[in-house]
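Listed here are the chains, written in short residue letters.
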Amino acid sequence: MKIKSLEPFILHLPLTSASISDSTHSITHWGVVGVAITTTDGLTGYGFTGTHAHLASDRLITACIRDCYAPLLIGEDANDHQRLWTKLARYPSLQWVGRAGITHLALAAVDVAIWDLKSKKAGLPLWAYLGGARTDRLEAYNTDIGWLSFSLDDLLSGSARAVEEDGFTRIKLKVGHDDPNVDVRRLAAVRKRLGPDVRIAIDGNGKWDLPTCLRFCERARDLDIYWFEEPMWYDDVESHRLLARSSTIPVALGEQLYTVDAFRSFINAGAVAYVQPDVTRLGGITEYIQVADLALANRLPVVPHAGEMSQVHVHLSYWHPASTILEYIPWIKDHFEEPADVVGGVYKRPEKPGAGTTVLADSFARFGKSLG
């Protein structure tokens with residue numbers, strides 16, 4: 001299965017709302033930025049990272065794939081995923097200019113495409129190729145009803161619809177107003193509307209500092225918050241450790257961490273309870289497995305962040321024994337041959353060969369962007 005060609009691509013896909021905001025940014029589209037890798041035996045594997053659909057920075061990722069990684073991969077055997085991952089991740093010139101950021105996002109796309117190829121070659125969905133499903137039921141939690149930009153009325157109606165009509169028993173709401181009392185009032189209203197049985201997680205997207213988080217957690221302690229995701233700046237291990245010691249609300253994080261070493265720092269410090277790796281931020285599936293195994297060794301649950309909107313993570317979550325639940329954001333699912341679908345609050349297990357990353361031709365035609 002020799003690698004014949006790499007063709008980078010950029011898609012900007014519309015959201016389910018005209019725009020959404022959390023505590024740090026607003027967007028109208030989601031970027032699917034990646035690569036199609038074709039082998040000499042005619043197979044094509046697809047991999048991608050997720051972005052805010054900023055075309056200039058998306059082109060930096062595709063340029064890295066085209067100009068830096070492609071020359072290192074042409075003619076290589078796609079079966080050798082571990083060797084190829086190490087070749088790219090540890091290539092001296094690329095390691096010198098970036099062990100995270102652009103180079104790692106590009107590496108993620110390439111690595112996912114290689115795993116897609118390997119499982120397609122075997123004629124198996126990725127979860128089966130990896131060794132089989134550990135469960136026949138993977139619960140989803142709905143994030144798409146909880147954006148900070150939604151009014152309280154929209155937040156209440158969306159949350160109620162997700163639970164009462166769509167069958168979700170878990171949701172996640174964004175927090176991060178300048179006045180955290182606003183967030184406490186919004187959470188209290190949702191809790192009152194949904195009752196005690198629905199599990200509600202919250203996500204701050206790294207906005208607040210430690211004193212603000214401590215005050216917020218004290219005021220929210222009776223609302224039965226399932227976890228507090230990214231409460232503070234992403235790399236601040238010590239503040240997360242102090243918050244974890246001081247509050248009964250578990251800390252979740254990981255979507256902004258690029259390496260297994262970064263996860264190890266948080267885990268060793270006791271600064272995280274729910275581990276949230278993302279194949280699009282890490283160096284793809286290969287490094288994701290390292291993080292998931294690290295969490296398992298520390299008896300911590302793995303709950304992936306859905307930067308690829310769960311197309312890949314649904315496979316990994318059905319397979320890996322540390323996985324418990326999976327985020328649901330339906331922005332891009334209908335642009336793939338096998339969408340990451342949820343029915344009654346539970347993910348349908350994928351059955352087609354591959355990693356779930358094969359983009360529809362029509363979506364390339366309608367939403368593809370020039371590489372520049």
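Report on the accompanying structure.

Conventions adopted
Residues numbered from 1 in each chain as written. Predicted model: local features only at pLDDT ≥ 70, side-chain atom pairs only at ≥ 80, totals over all residues. Heavy atoms only, no water. Buried < 20%, exposed > 50% of the residue type's maximum accessible area, 1.4 Å probe, protein only. Helix = DSSP H or I, 4+ residues; strand = E, 2+ residues; numbered from the N terminus. Pairing = 2+ DSSP bridges. Axes fitted to C-alpha atoms, helices over the stretch in contact; angles between N-to-C directions. Parallel < 35°, antiparallel > 145°, perpendicular 65-115°, else oblique. Left-handed = near helix turned anticlockwise from the far one by under 90°. Contact = heavy atoms within 4.5 Å.

Turning our eyes to something else, we now look at the pairing of strand β6 (residues 138-142). For β6, the buried fraction is high: 5 of the 5 residues fall into the buried class. Burial of β6 is two-sided: the residues Leu138, Ala140 and Asn142 facing one way and the residues Glu139 and Tyr141 facing the other way are all buried. Bridging between β6 and strand β14 (residues 346-347) involves 2 bridges; their strand directions are antiparallel. Its bridge partner being in β14, Leu138 is matched across the sheet by Tyr347. Where β6 and strand β12 (residues 325-328) come together, 4 bridges link them in parallel fashion. From the neighbouring strand, Ala140 faces β12, where its bridge partner is Leu326.

What follows concerns the packing of helix α10 (residues 260-268) against helix α11 (residues 285-297). At a closest axis distance of 9 Å, the pairing of α10 and α11 adopts a crossing angle of 15°. As the angle between them shows, α10 and α11 are arranged roughly parallel. Here α10 runs over α11; the crossing is right-handed. Across the interface between the two elements, Val260, Phe263, Arg264 and Ile267 from α10 touch Glu287, Gln290, Val291, Leu294 and Ala295 from α11.

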